[in-house]
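# An overview of the molecular structure
Next come the chains, spelled out residue by residue.
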Amino acid sequence: MLPRLALENTLGRFSSLVGCAQNLKNEAQSWCRWKLWRRNYSFLPDDVKSVRSVVNPDISRIRNIGIMAHIDAGKTTTTERMLYYSGYTRALGDVDDGDTVTDFMVQERERGITIQSAAVTFDWKEHRINLIDTPGHVDFTVEVERALRVLDGAVAVFDASAGVEAQTLTVWRQADKHCVPRVCFLNKMDNPRASLPYSIESIKKKLKANPVLLQIPVGSGKGFVGLVDLITKEQVIWNVKSSSEDGRVFKKTPLSSSDNAELLSQAKEARSSLIEQVADLDDEFAELLLGEFSENFDAVPSEKLRAAVRRVTLARKGVPVLCGSALKNKGVQPLLDAITAYLPAPNDRHLHLARWYKDDLCALAFKVLHDKQRGPLVFVRIYSGTMKAQSVVHNVNRNSTERMSRLLMPFADQQVEIPSLTAGNIALTVGLKQTVTGDTIVSSKASAAAAERRALKEGERGRGSEKGPGSLVLAGVEIPEPVFFCTVEPPSMAKQTDLDHALKCLQREDPSLKVRTDPDSGQTILCGMGELHIEIIHDRIRREYGIETHLGPLQVAYRETILQPGSTTDTLDRTLRDRRHVVTVGLSVTPWEETTSCDIAYKENVELPPDVKVAVENGIQSSYLQGPLLGYPVQGVTTTVESVSIQPGTSMAMVSACASRCMLKVLRQAGVQLLEPLMSLEITLEEGHLGYVLGDLAQRRGAIHDIQSRHDNKVVLASVPLAEMMGYSTVLRTLTSGSATFSLQLSSYEAMNPQDQSAVLDKMAGLV
Ligand SMILES: Nc1nc2c(ncn2[C@@H]2O[C@H](COP(=O)(O)OP(=O)(O)OP(=O)(O)O)[C@@H](O)[C@H]2O)c(=O)[nH]1
């Protein structure tokens with residue numbers, strides 16, 4: 001039965017659509033709005049798809065998958081086709097028209113890019129697919145990381161004319177880190193430059209992966225009409241009679257020599273290689289071949305081959321490769337079949353932690369969205385037990401208990417209310433006000449205690465690797481340090497509270513956004529992952545919170561470090577209100593290369609009471625936060641506490657102050673050095689523009705590492721200081737008449753040479 005809220009939503013939409021139809025008639029020229037109307041129209045009461053999805057499926061039929069790639073590879077277009085073919089939408093959304101389901105933020109639709117990862121649920125051939133479309137732009141890489149943390153499998157989408165691009169490499173590594181099995185989809189096969197062998201080679205070379213080719217294309221470029229399924233030996237051809245053909249109808253026939261002798265021999269060869277490759281990777285399949293089918297490998301049944309490919313994928317020994325053209329509506333249905341056939345169900349992935357909770361609820365909050373009416377909406381992945389609406393849950397990280405009012409199933413920007421949801425699913429909760437990204441949610445404090453007892457018992461028996469309360473918390477998400485910052489000012493002081501509230505909400509949604517107050521000027525500082533990230537935040541403050549803010553110039557987040565060891569002592573002797581405070585602290589520092597953190601150690605004979613220890617460490621830590629050169633964070637330093645002597649009556653605040661002052665002194669003595677963020681840059685451009693672009697990079701202190709050929713294009717691999725890359729997209733557009741693309745990501749923090757460093761110091765001091 002349709003839940004009440006969904007029914008109300010649907011009926012509400014229906015009545016508003018009747019009125020809307022009249023207006024739209026008058027605005028027939030607005031094509032985009034018409035398409036959005038059509039999208040809404042698909043939610044009329046006879047659209048049963050969203051209702052069907054409400055049923056809790058068997059865990060073995062759930063696929064929690066992410067869709068990931070380099071910017072513009074076609075993730076959103078592919079997702080739109082999946083929703084369409086699965087019957088969830090009745091019109092094909094188009095990124096170029098700005099009416100896709102998953103890119104529902106205004107900025108996403110305007111810019112045609114994905115910013116937030118959106119969750120969509122749909123069913124495909126008796127399977128429930130929870131799919132997350134993740135952003136390709138490096139500024140939103142935390143979104144990818146968050147999604148990967150809760151996914152069981154992923155589809156990596158490639159532009160078949162470009163192969164592996166810079167951001168694919170990053171997301172691939174992220175997926176490796178989370179041990180996520182993948183399938184590859186070589187998209188844009190309709191592009192005349194698309195090349196299957198080139199893409200396969202680049203997957204091998206750049207990703208060091210083992211591609212398992214399951215399809216070969218039929219036709220190429222504009223003549224790309226379908227593919228041959230190497231498992232079943234069938235050819236799948238899409239009927240392309242007109243440009244409005246939506247790809248729903250396709251013809252599947254066994255491939256025979258009467259169709260195309262050349263294609264048949266090509267397919268035979270590719271199938272034999274596939275069988276050999278799978279036999280090499282899977283012992284069970286090898287045994288089957290050498291036993292029953294030793295006379296004729298080709299006679300091995302397709303189900304056996306499919307099962308072996310599944311084992312290979314789950315063991316991450318190989319990645320199935322499929323091809324198609326999402327835009328031209330070819331190859332997406334076989335991709336959906338591959339998702340259900342090869343990617344893992346939640347119960348195929350063995351998560352140690354969930355077993356301590358047995359049948360009790362254990363879930364991970366992986367994303368927070370702010371809704372003006374309903375407050376924070378928290379996305380959770382359920383690992384064990386059942387989550388129920390109107391229930392009280394316990395947040396293990398915060399040791400707090402909260403009431404969850406409603407449970408929803410996420411359909412992009414639409415949600416359907418459900419009473420409960422079981423393990424393996426992804427849900428959206430309303431009412432959790434304290435929970436943030438990375439928190440573990442369980443049913444009660446008692447169930448957390450029971451799980452802890454189980455973990456300890458197992459640990460005592462020497463079998464468990466996880467012991468103690470720390471083991472009861474699911475690993476959260478690593479947030480990289482921001483590289484850019486700028487001041488943000490409200491239009492008037494009266495609006496400062498509204499701005500603080502807006503930033504608090506945005507920060508809860510986006511953990512990569514950092515907000516701090518400048519201790520000297522009292523100004524609010526926004527710290528972000530890149531120019532685009534800060535621009536989007538600025539835009540959201542205006543649109544979603546109605547505050548017109550002014551952003552100061554974008555500045556690079558430098559770091560400070562030391563070049564050599566140093567040691568010193570400092571004495572603080574101060575009388576405050578007749579009370580004399582006297583403390584002497586001795587510290588030594590040594591460079592701790594190749595690390596971005598700082599450490600505190602104690603000389604052997606130094607033993608301090610706990611309150612003094614805390615005070616000294618607080619003083620040292622505060623100096624790590626603001627270096628002596630320009631007040632940037634310090635990294636790569638180990639500080640040893642050599643001595644501390646305190647006269648009676650001295651307060652701990654004075655001990656901290658002395659440690660902090662001594663720290664500044666010793667850092668200066670050890671020679672403070674500015675570190676600047678160095679970015680890896682990859683530019684794809686036409687050969688004719690190469691000279692201009694290289695000349696420009698030379699002026700930006702860029703170092704060229706390699707210039708590769710990619711079909712008719714050149715790919716420049718370089719590293720450039722971030723400070724030189726402000727507004728680069730506009731410059732590159734001008735230099736190449738808009739034909740080049742680039743991607744930029746943080747590679748490391750590097751020491752600046754003395755001239756560049758003094759130029760920065762002069763600039764900061766206002767001398768230039
Ligand atoms: N020729 C061709 N173009 C395609 C195909 N798929 C997508 N495109 C186009 O490629 C561009 C990018 O497509 P998107 O689906 O937005 O790509 P994305 O990977 O989601 O991009 P981001 O969300 O910005 O990372 C759009 O102009 C699409 O129309 C395809 O199969 N063939």
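This structure is a prediction, so every number in the text was calculated from the model and none was measured.

### Remarks on the overall build of the chain
The helix and strand inventory of the chain stands at 21 helices and 35 strands. A total of 768 residues make up the chain; the buried ones form 42% of that total. Relative to all contacts within the chain whose residues are 6 or more apart in sequence, the contacts with residues 24 or more apart total 73%.

### Quick look at the environment of Gly528
When you line up the elements, Gly528 lands in strand E24 (residues 524-528). A tally of 25 C-beta atoms within 10 Å means that Gly528 is categorised as buried. Along the chain, Gly528 and Ser443 lie 85 residues apart, while their C-alpha atoms are 35 Å from each other.

### Remarks on the nonpolar core
The biggest cluster of nonpolar side chains holds 113 residues, and the ones touching the most others in it are Phe158, Val183 and Ala427. Counting residues per element, this core draws most heavily on helix H12 (residues 332-342), at 7 residues. Judged by nonpolar contacts, the second largest core, of 32 residues, contains Ala615, Val616, Tyr624 and Met663.

### Things to note about the confidence of the model for the chain
In this model, the chain carries a mean pLDDT of 81, and residues with pLDDT of at least 70 account for 83%. Note on residues 1-48: pLDDT is under 50 here. Beyond four places in sequence and across chains, it has 39 contacts. Predicted confidence for residues 461-470 stays below pLDDT 50, and this span has 13 contacts to residues more than four positions away or in other chains. Prediction confidence for the complex, expressed as pTM and ipTM, is 0.71 and 0.97 respectively.

### Re the sheet that holds strand E8 (residues 226-229)
Ordered in space as E7-E8-E9-E10, the 4 strands form an open sheet in which the pairing is antiparallel. In this open sheet, the two edge strands, each paired with only one partner strand, are strand E7 (215-218) and strand E10 (250-254). With direction set aside, neighbouring strand axes in the sheet form an average angle of 25°. With 4 bridges connecting them, E8 and strand E9 (residues 234-238) associate as antiparallel partners. Along E9, the bridge assignment pairs Asp229 with Glu234.

### Quick look at the packing of helix H9 (residues 261-281) against helix H11 (residues 302-314)
Two numbers describe how H9 lies on H11: the axes approach to 10 Å, and their chain directions differ by 50°. One element, H9, and the other, H11, form an angle in the oblique class. Between H9 and H11 the crossing geometry is left-handed. Note on element contacts: H11 touches H9 through Leu305, Ala308, Val309 and Val312, opposite Ile275, Val278 and Leu281. A breakdown of the residues in the contact of H9 with H11 according to their chemical character gives 7 nonpolar, no polar and no charged.

### Section: helix H15 (residues 496-509)
Across its 14 residues, H15 extends 20 Å between first and last C-alpha, which sits within 8% of the 20 Å expected from 1.5 Å per residue. Buried residues of H15: Ala502, Leu503 and Cys505, and no others. Along the long axis of H15, the arc covered by the buried residues comes to 160°, so they all point the same way. Turned more than 90 degrees away from the buried face of H15, the exposed residues are Thr497, His501 and Lys504. Among the structural elements, strand E12 (362-371), strand E23 (514-517) and helix H16 (531-545) are those in contact with the buried residues of H15.

### Let's talk about the sheet that holds strand E28 (residues 566-576)
With respect to topology, 4 strands assemble into an open sheet ordered E28-E29-E31-E30, the strand pairing being mixed. Either end of the sheet is taken by a strand with one partner, and the two such strands are E28 and strand E30 (598-602). Across the sheet, the axes of successive neighbouring strands diverge by a mean angle of 25°, strand direction being ignored. Of the strands in this sheet, E28, strand E29 (579-591) and strand E31 (637-646) are in contact with helix H18 (residues 652-669), which crosses E28 at around 145°.

### Focus on the pairing of E9
Linkage of E8 to E9, two consecutive antiparallel strands, is achieved through a turn of 4 residues, within which Lys233 is found at a positive phi near 60°. With 5 bridges connecting them, E9 and E10 associate as antiparallel partners. Bridged to Gln235 within E10 is Thr253.

### As for the environment of Lys358
Counting through the fold element by element, Lys358 comes out in the loop between helix H13 (352-356) and E12. Considering only alpha carbons, one finds Lys358 and Arg454, 96 residues apart in sequence, at a separation of 9.6 Å.

### Points about the pairing of strand E34 (residues 713-721)
Here strand E32 (residues 672-686) pairs with E34 via 9 bridges, running antiparallel. Each bridged residue has a counterpart across the sheet, and for Leu678 the counterpart in E34 is Pro721. Bridging between strand E33 (residues 703-710) and E34 involves 7 bridges; their strand directions are antiparallel. Across the sheet, Asp706 pairs through a bridge with Leu717, a residue of E34.

What counts, and where the lines are drawn
Residues numbered from 1 in each chain as written. Predicted model: local features only at pLDDT ≥ 70, side-chain atom pairs only at ≥ 80, totals over all residues. Helix = DSSP H or I, 4+ residues; strand = E, 2+ residues; numbered from the N terminus. Buried ≥ 20, exposed ≤ 12 C-beta atoms within 10 Å, placed from the backbone. Contact = placed C-beta atoms within 7 Å. Core = buried A, V, L, I, M, F, W, Y, C linked by C-beta atoms within 7 Å. pLDDT = per-residue confidence, 0-100. Pairing = 2+ DSSP bridges. Axes fitted to C-alpha atoms, helices over the stretch in contact; angles between N-to-C directions. Parallel < 35°, antiparallel > 145°, perpendicular 65-115°, else oblique. Left-handed = near helix turned anticlockwise from the far one by under 90°. Nonpolar A, V, L, I, M, F, W, Y, C, P; charged D, E, K, R; others polar. Expected span 1.5 Å × (residues − 1). Arc of directions from axis to C-beta.

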